[in-house]
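# Analysis of the macromolecular model
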Amino acid sequence: MNFDRKIKIAPSILSADFADFGREIRAIEAQGADWVHVDVMDGHFVPNLTFGPPAVKAFRKHVETVMDVHLMISPVDASIEAYADAGTDILTAHIEAGPHIHRTLQAIRAAGMKAGVALNPGTPAEAIAHLLEMADLVCVMTVNPGFGGQKFIDMTDKIRRLREMIGDREIHIEIDGGVDPTTAPLVVAAGADVLVAGSAVFRGGSVHNPQVYGENIAAIRKAATGYA
Ligand code: DX5
Ligand code: ZN
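Here's a quick rundown of the structure. As the structure is a prediction and not an experimental result, all values here were calculated from the model. (Residues numbered from 1 in each chain as written. Chains lettered and ligands numbered in written order. Predicted model: local features only at pLDDT ≥ 70, side-chain atom pairs only at ≥ 80, totals over all residues. Heavy atoms only, no water.)

## A word on the side chain of Glu29
Positionally, Glu29 belongs in helix α1 (residues 21-30). In this structure, Glu29 is buried with no salt-bridge partner, the nearest side chain bearing the opposite charge being Arg60 at 6.6 Å. Side-chain polar atoms of Glu29 contact the backbone nitrogen of Glu64, separated by 2.9 Å. With near-sequence residues (within four places) excluded, Glu29 lies in contact with Val36, His62, Val63, Glu64 and Thr65. (Helix = DSSP H or I, 4+ residues; strand = E, 2+ residues; numbered from the N terminus. Buried < 20%, exposed > 50% of the residue type's maximum accessible area, 1.4 Å probe, protein only. Lys, Arg positive; Asp, Glu negative; His and termini not counted. Salt bridge = Lys/Arg side-chain N within 4 Å of Asp/Glu carboxyl O. Polar contact = N/O pair within 3.5 Å; in protein donor to acceptor, adjacent residues only side chain to side chain. Contact = heavy atoms within 4.5 Å.)

Following this line, the structure appears as structure tokens:
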């Protein structure tokens, strides 16, 4: 994976048909997704439960781009090897998920993956001041994690601050929650380069009608960059 700051759209399969992940992943990639965002929830760190390593390993066979796995689980460390074995490219853990995020990020890299750190809306940018050499991605939550389809919480000040803190370092700023053609330009102007979108990509489409996914992805990209 070469680093660049081009705008990337990462559809979240949390909004896909849970009985048809393989075809859903192939459909969004064929329709222009840059990365595939996989939301792992444990019913403990967040009040919702999705899937774990065996399912993620099965998804991998269908992902040709980048598999971006967002862990909303606590604790994290005991699961890191399993997500490496599942073929994860980028593994993101929440800073709020335990007392030892530094160790977690080290372990993610040691397992051969890119390391991401996610910040809940209540967590300030400064919380990662001592993690900048450890992280390949910072995920700014613009909803409280747990569910798709929630209302966007404006975190543009935090994104701007993170962009300054990151400087020339090769660290992506990913935005997760409530991203659509209205909110995408705000977060991109503040310095984001990876846009996760669940409901705004899957809305109105299906594996039988995948061109709607393509139109939705293009609408977000156009709003964010000026071109589709
Ligand atoms: C929220 C998840 C998100 C979610 C985004 O806990 O981490 O990735 O799927 O969904 P939308 O885009 O619908 O807000
Ligand atoms: Zn997510």
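## Description of the coordination of the zinc ion (ligand 2)
Only His37 (NE2), Asp39 (OD), His70 (ND1) and Asp176 (OD) from the protein reach the zinc ion (ligand 2) as donors, at distances of 2.0 to 2.3 Å. Considering all 6 donor atoms around the zinc ion (ligand 2), angles at the metal cover 68 to 170° and the coordination shape is octahedral. Motif for the zinc ion (ligand 2), donor spacing along one chain: H-x1-D-x30-H-x105-D. (Donors = N, O, S within 2.8 Å, 3.2 Å for Na, K, Ca; no water. Tetrahedral: all angles 85-135°; square planar, octahedral: opposite > 155°, others 65-115°.)

## Let's talk about the pairing of strand β6 (residues 137-141)
Within β6, 5 of the 5 residues are buried, which leaves it mostly tucked inside the rest of the structure. Residues Leu137, Cys139 and Met141 point to one face of β6 and Val138 and Val140 to the other, with burial holding for every one of them. Where strand β5 (residues 114-119) and β6 come together, 4 bridges link them in parallel fashion. Across the sheet, residue Ala118 finds its bridge partner in β6, namely Cys139. Note: β6 against strand β7 (residues 172-176), 5 bridges, orientation parallel. Pairing of Met141 across the sheet is with Asp176, part of β7. The β-α-β motif built from β6, the intervening helix α5 (residues 156-166) and the parallel element β7 has right-handed crossover chirality. (Pairing = 2+ DSSP bridges. Right-handed = clockwise from strand over helix to strand, strands pointing away.)

## Brief notes about the sheet that holds strand β3 (residues 67-72)
Spatial ordering of the open sheet is given by β1-β8-β7-β6-β5-β4-β3-β2, a layout of 8 strands whose pairing is parallel. The sheet is open, and its two borders are formed by β1 (8-11) and β2 (36-41), each paired with just one other strand. Here the average twist between neighbouring strands, direction ignored, is 25°. Relative to strand β8 (residues 194-197), β1 runs parallel, the two being bridged by 4 bridges. Looking at the pairing, Pro11 lines up with Ala197 of β8. The sheet contacts of helix α4 (residues 101-110) involve β4 (90-94) and β5, and relative to β5 the element is tilted by about 150°. (Axes fitted to C-alpha atoms, helices over the stretch in contact; angles between N-to-C directions.)

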